[in-house]
Amino acid sequence: MEALKGIRVLDMTHVQAGPTSSQLLAWMGADVIKLESPAGDATRGQLRDVPNADSLYFTMLNCNKRSITVNMKSPEGKAVFVELLKKSDIVMENFGPGVLDRLGFSWEKVHEINPRVVMGSIKGFGSSGPYADFKAYENVAQAMGGAMSTTGIPDGPPYVTGAQIGDSGTGLHLAIGLLAALHQRNRTGEGQYVEVAMMDGVMNLCRVKWRDHQRLTRQELSEYSVPTAGLKDTPRAGNDSGGGQLGNAIKCKPGGPNDYLYVVVQEAVWDGLAKRIGPDVGHPDLATDLRFAKISDRRKNQNEVWRLLDQFAANYTKRELMNILNELDVPCGPIMSTEDLANDEHVRGREMYVELDHPQRGKWFNIGMPIKLSASPAKIERSPMLGEHTDEILKEVLGLSDDEIAGKRAAGAFTLPPKSVGEKAK
């Protein structure tokens, strides 16, 4: 973990999008200080599966970080934040619109305090435009960024994707922007403001759908299995590949919800594939059938191609069918469930499902580092307990003594004020 060694990140983000980004930076060696309110990140308690322990929602997004609690509503707490800001290379936030400004820390103020710091912000819709003040969640971003309208079956409702492209996808975009801004800072000495909107990130991840949106003005989309003549919108097309080569999910035995193999029928493999499956599905002349002779013909009749493949696949499991098609050099892959992946030799070998230990919850698993650096491989470490490193950070980063820390603690810099009698009664 040497790639970002020496880079300090002051992470004020919470929930998923921001923590995804800062966790990647931590895995690459940055010292990520998670600055939390005394109440902690809300996800510490959300969807909790072990009583009185941080939830998997929190632990899976905050590995390799240190935690400090700071009461940003107290003058002493704000003073601590300012001192940490002066010693940081990056500061990150994903508060609602205007929250940081109301605390007195607009980008202009942050830049004034530390001209070298890079500030990263995640917003639902950015800081400009008619939607700037709207709140966003994962599925809202998928809805407004174009993903939902193009996902699902043609005659059915739009669907969200299980991949968190709104939150985690936006976090990936922010990490790229922060690293670019950091590189420029090292060249110019000046930090800058990096903003990523969830809606923008989803639009970027849907770029091939924008390709098809523009093609619709000139032609039908022959690779789609649904009619596209006269359409103005890129359609939902089920499991169609949506690319230059035909592709679809083929149902295998025993017919469970994930007993499918995704198959791509390239031009070069059709002859061998047709000769292999033809005799078994009652079409020994399939390779010479004029309905499928050229890729343009197969596009027109692709639903029949999928029907014949489904008929053939009914006698095989997804792994058995994969072995048959691999011998024919047909690109394919089984639909992998979470259970499949959790026990997959390839996944474990690439350290993409990593076992960790936590003082509250015991053994658990996290997704590993997806970016492999040959000279600085990541070592995944558990997430921090709330405020676990408060004193350590104050001493190491700010150089405070025990007495100074005690004084700030007494002044309410790191804790919430005690509730009044009236508040307790509520």
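For the structure itself, consult the block above.
Residues numbered from 1 in each chain as written. Predicted model: local features only at pLDDT ≥ 70, side-chain atom pairs only at ≥ 80, totals over all residues. Heavy atoms only, no water.

Student: I keep staring at the overall build of the chain and nothing clicks. Help me out?
Tutor: Across its full length, the chain holds 18 helices and eleven strands. Along the first, second and third principal axes, the C-alpha atoms of the chain reach 90 × 55 × 45 Å. For the chain, long-range pairs separated by at least 24 residues make up 67% of all intrachain contacts whose partners lie at least 6 apart in sequence. Total accessible area on the chain stands at roughly 21,500 Å², and carbon and sulfur atoms take up 53% of it. Measuring between centres, the 50 positive side-chain charges of the chain sit 2 Å from its 54 negative side-chain charges. (Helix = DSSP H or I, 4+ residues; strand = E, 2+ residues; numbered from the N terminus. Contact = heavy atoms within 4.5 Å. Areas by Shrake-Rupley, 256 points an atom, 1.4 Å probe, with all protein chains shown as cover. Lys, Arg positive; Asp, Glu negative; His and termini not counted. Charge placed at Lys NZ, Arg CZ, Asp CG, Glu CD.)

Student: Please clarify how the packing of helix H7 (residues 168-188) against helix H8 (residues 198-205) should be interpreted in this entry.
Tutor: Any two packed helices are characterised by the angle at which their axes cross and by the distance between the axes. Where H7 meets H8, the closest approach of the two axes is 9 Å, and the angle between their N-to-C directions is 95°. Taken as axis vectors, H7 and H8 run roughly perpendicular relative to one another. Between H7 and H8, the residues in contact are Gly169, Thr170 and His173 and Met198, Gly201, Asn204 and Leu205, respectively. In terms of residue class, the contact of H7 with H8 is made up of two nonpolar, five polar and no charged. (Axes fitted to C-alpha atoms, helices over the stretch in contact; angles between N-to-C directions. Parallel < 35°, antiparallel > 145°, perpendicular 65-115°, else oblique. Nonpolar A, V, L, I, M, F, W, Y, C, P; charged D, E, K, R; others polar.)

Student: Would you mind going over the sheet that holds strand S8 (residues 260-265) with me for this structure?
Tutor: Strand pairing in a sheet takes place through backbone hydrogen bonds and is either antiparallel or parallel in direction. With respect to topology, three strands assemble into an open sheet ordered S7-S8-S9, the strand pairing being antiparallel. The outermost strands of the open sheet, each flanked by one partner alone, are strand S7 (246-251) and strand S9 (332-334). For this sheet, the mean angle separating the axes of adjacent strands, direction not counted, is 15°. Taken together, the six bridges between S7 and S8 define a ladder with antiparallel strand orientation. Bridge assignment links asparagine 248 to a residue of S8, and that residue is valine 263. (Pairing = 2+ DSSP bridges.)

Student: Would you explain the side chain of serine 21 in this entry?
Tutor: Topologically, serine 21 is positioned in helix H1 (residues 17-27). For serine 21, the contacting residues outside a window of four places in its chain are Met92, Gly171, Leu174, Ala175 and Leu178.

Student: Help me understand the sheet that holds strand S1 (residues 8-11), please; the structure alone is not making it clear to me.
Tutor: Spatially, six strands are ordered S3-S2-S1-S4-S5-S6 in an open sheet, and the strand pairing comes out parallel. Each edge of the open sheet carries a strand with a single partner, namely strand S3 (65-69) and strand S6 (193-197). For this sheet, the mean angle separating the axes of adjacent strands, direction not counted, is 20°. The pairing of S1 with strand S4 (residues 90-93) spans three bridges and is parallel. From the neighbouring strand, leucine 10 faces S4, where its bridge partner is valine 91. Docked against the sheet, H7 engages S4, strand S5 (118-123) and S6, running at close to 160° with respect to S5.

Student: Please explain the pattern of salt bridges as it appears in this structure.
Tutor: It is possible for side chains bearing opposite charge to pair when their charged atoms get close. This structure, assessed with the given rule, holds 28 salt bridges. Its salt-bridge partner being arginine 66, residue aspartate 31 comes within 2.8 Å of it at the nearest N-O pair. In this pair, aspartate 31 sits in strand S2 (residues 31-36) while arginine 66 sits in strand S3, placing the two residues 35 residues apart along the sequence. Residue arginine 66 is classed as buried on the basis of its relative accessible area of 11%. Between arginine 211 and aspartate 212 there is a salt bridge, with the nearest N and O atoms lying 2.8 Å from each other. If you follow the salt bridges from partner to partner, you end up with Arg8, Asp31, Arg66, Glu392 and Glu396 in one network. (Salt bridge = Lys/Arg side-chain N within 4 Å of Asp/Glu carboxyl O. Buried < 20%, exposed > 50% of the residue type's maximum accessible area, 1.4 Å probe, protein only.)

Student: Explain the side chain of arginine 44 here, please?
Tutor: Locating arginine 44 in the fold gives a position in the loop between S2 and helix H2 (56-59). A polar contact is formed between the side chain of arginine 44 and the side chain of aspartate 54, at a distance of 2.7 Å. Only 3.2 Å separates the side chain of arginine 44 from the backbone oxygen of proline 384, close enough to count as a polar contact. (Polar contact = N/O pair within 3.5 Å; in protein donor to acceptor, adjacent residues only side chain to side chain.)

Student: Teacher, can you tell me more about unusual backbone geometry here?
Tutor: Peptide bonds are, in most cases, trans, and in most cases residues other than glycine have a negative phi. A cis amide bond, omega 5°, links lysine 253 with the succeeding residue proline 254. With phi around 65°, asparagine 64 is a residue other than glycine that occupies positive phi space. Locating asparagine 64 in the fold gives a position in the loop between H2 and S3. On the basis of relative accessibility, which here comes to 13%, the residue asparagine 64 falls in the buried class. Here the phi dihedral of aspartate 329 falls at roughly 65°; this positive angle occurs in a residue that is not glycine. Residue placement: aspartate 329 occurs in the loop between helix H13 (318-327) and S9.

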